[in-house]
Amino acid sequence: MPETALPKSWNKESKPHKFCPGCGQALALKILGQAIDELDIQKKMIYATDIGCSLLSWSMFNVDTIQTHHGRTLPLSVGFKKAKPEAIVVSFTGDGGGYAIGAQHLLNTAMRNDPITVILINNANYAMTGGQLAPTTLLNQKTTTAPKGRELAQGKPFKGPEMLAQITSEDAHIARGISTNYQQLLEMYKKAISNQIEGRGFSFVEVIAMCPVNWHTDAQQSLDFAEIEMAKIYPIGELKCPQK
Ligand SMILES: Cc1ncc(C[n+]2csc(CCOP(=O)(O)OP(=O)(O)O)c2C)c(N)n1
Ligand code: SF4
C-alpha cells in the first residue's frame, strides 16, 4: 500500500481524524491500520483505548472498540480476552496512562504474560490535559508542571520496554519504535500482534511520537526532538522477539 493511501480497516465515515496537525499518534495509528489489513484481523479484533489523546482514535478503525478510565485499559482488555480468547485484543494508551496511573496494571499484565498486544505512545508529556510532566519527560524538558525543565529530583525518564524486558517470560514480544519510521514500526506491530495470534503471550510496542502542540515546536523541531533527543534516551529496536 502506498504510504499516502488509507488502510482498508479505516473507518471511512469518521474522516478527517481528530488529532492535531503533525501529531505522531495519528501516524502511529495509520501504520497500525496497515498492520490490521496485512494480518487480516479486522473482523476478530477488539481495539481498546485509554483516556488521553489515544481516545481520539476510538472511531478511527472499522473494528469493535472498548474504552475506559485513564490508566485502566489493560485490565479491561485482559478481562475481554479472558471472556473471548479468540478475539485479537489491541490496547492503545499514552505514557501517562501506561507508566503512571496505570503502571501497576501494565506490570501485572506483563508479569502474567496475558496474551494481549499493548501499543503505548511515548510523547514525553500528558498531552490531552495540557502538557504536564509524564514519567517519560526528558531531563531539562519544560512542561506546564515543570516550567524550568524536569530536574533529576523529579525522577529519571522512565524506560518502559527495558523494564518490561526484565520481568516478562521469554515468549513475550517487547519493542520500541518511532512513528516516523513507517516500515520498521509496521514490522514491529505485525510481530507483536502475531505473538498474540500464535498463542505465545504478551506483546508490547512503545512508540515515540511527536506532540507539536505541547512541545511548542514547528515541524522540523518536532522531528528533531523525536528522532534525535528522544531516541538518544529511548533507543529504538526490539528488546525481546521470540519470532526472530
Ligand atoms: C481516573 C482519571 N484520572 C485523571 C484523568 C484526567 N486525564 C485525562 S487525559 C490525562 C492525561 C493523559 O496523558 P497520557 O496518558 O500521556 O496520554 P496523551 O494525552 O499524552 O496521549 C489525564 C490525567 C481522567 N480522565 N481519569
Ligand atoms: S495534543 Fe499532542 S498528542 Fe494530543 S493530538 Fe495534539 S499533537 Fe497529538
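See the structure printed just above.
Residues numbered from 1 in each chain as written. Chains lettered and ligands numbered in written order. Predicted model: local features only at pLDDT ≥ 70, side-chain atom pairs only at ≥ 80, totals over all residues. Heavy atoms only, no water.

A. Representation of the environment of Pro235 within the structure. Positionally, Pro235 belongs in the loop between α8 (219-233) and β7 (237-240). Beyond its immediate chain neighbours, meaning those up to four positions away, Pro235 contacts Glu162 and Arg176. (Helix = DSSP H or I, 4+ residues; strand = E, 2+ residues; numbered from the N terminus. Contact = heavy atoms within 4.5 Å.)

B. Local environment of the nonpolar core. Counting residues in each nonpolar core, the largest one holds 45 residues, and the members touching the most others are Leu32, Phe61 and Tyr189. Elements represented by at least two residues in this core include exactly α1 (24-39), β1 (45-49), β3 (88-94), β4 (117-122), β5 (173-178), α6 (182-197), β6 (203-208) and α8. Contacts of Leu32, omitting those with residues within four sequence positions, involve Tyr47, Phe61, Val90, Ile119, Tyr189 and Ile193. Ala48, Val78, Leu106 and Phe202 belong to the second-largest nonpolar core, a separate cluster that totals 18 residues. (Core = buried A, V, L, I, M, F, W, Y, C linked by side-chain atoms within 4.5 Å. Buried < 20%, exposed > 50% of the residue type's maximum accessible area, 1.4 Å probe, protein only.)

C. Molecular detail of the site of ligand 2. Near ligand 2, the surroundings consist of Phe19, Cys20, Cys23, Gln25, Cys53, Asn123, Ala127, Cys211, Pro212 and Asn214. Looking at the shell around ligand 2, its residues break down into 7 nonpolar, 3 polar and no charged. (Near = heavy atom within 4 Å. Nonpolar A, V, L, I, M, F, W, Y, C, P; charged D, E, K, R; others polar.)

D. Representation of the site of ligand 1 in the model. Around ligand 1 there are 16 residues in total, and Gln25, Asp95, Gly96, Gly97 and Ala127 lie nearest to it. A distance of 2.8 Å separates an oxygen atom of ligand 1 from a polar atom in the backbone of Gly97. Protein chains shield 76% of the accessible area of ligand 1, which is 590 Å² for the free molecule. Ranked by residues supplied to the shell around ligand 1, first place goes to helix α3 (residues 95-101) with 4 residues. Here the shell around ligand 1 is built from residues that sort into 6 nonpolar, 9 polar and 1 charged. (Polar contact = N/O pair within 3.5 Å; in protein donor to acceptor, adjacent residues only side chain to side chain. Areas by Shrake-Rupley, 256 points an atom, 1.4 Å probe, with all protein chains shown as cover.)

E. Geometry of α6. With 16 residues, α6 extends 22 Å from end C-alpha to end C-alpha; this agrees with the ideal 22 Å at 1.5 Å per step. Within two residues after α6, Gly199 carries a phi angle of roughly 80 degrees, on the positive side. (Expected span 1.5 Å × (residues − 1).)

F. Summary view of the side chain of Lys81. The topology assignment puts Lys81 in helix α2 (residues 73-83). Lacking a salt bridge, the buried Lys81 has Glu86 as its closest oppositely charged neighbour, with an N-O distance of 7.7 Å. Setting aside residues no more than four positions away along its own chain, Lys81 makes contact with Ala87, Val89, Pro115, Ile116 and Gln196. (Lys, Arg positive; Asp, Glu negative; His and termini not counted. Salt bridge = Lys/Arg side-chain N within 4 Å of Asp/Glu carboxyl O.)

G. Looking closely at the sheet that holds strand β2 (residues 64-67). Read from one edge to the other, the open sheet built from 7 strands follows the order β2-β1-β3-β4-β6-β5-β7, with strand pairing classed as mixed. Since the sheet does not close on itself, it has two edges, and those belong to β2 and β7, each with one partner. Sheet twist, expressed as the average angle between the axes of neighbouring strands with direction ignored, equals 20 degrees. In this sheet, β3 lies alongside β1 in parallel orientation, the contact comprising 5 bridges. Within β3, the residue paired with Thr49 across the bridge is Phe92. Along the sheet face, α6 touches β3, β4, β5, β6 and β7 and points at about 160 degrees away from the line of β5. (Pairing = 2+ DSSP bridges. Axes fitted to C-alpha atoms, helices over the stretch in contact; angles between N-to-C directions.)

H. Here's a closer look at the pattern of salt bridges. Evaluated as defined, the whole model comprises 11 salt bridges. Lys190 is paired through a salt bridge with Glu38; the nearest N and O atoms lie 2.5 Å apart. Residue Lys190 is found in helix α6, and its partner Glu38 is found in helix α1; the two are separated by 152 residues along the sequence. Overall, the relative accessible area of 39% leaves Glu38 in the partly exposed class. Taking the shortest distance from any N to any O, the salt bridge between Lys190 and Glu187 comes out at 3.6 Å. Of this pair, Lys190 and Glu187 both sit in helix α6, 3 residues apart, which is roughly one turn of that helix. Residue class for Glu187 comes out partly exposed when judged on its relative accessible area of 36%.

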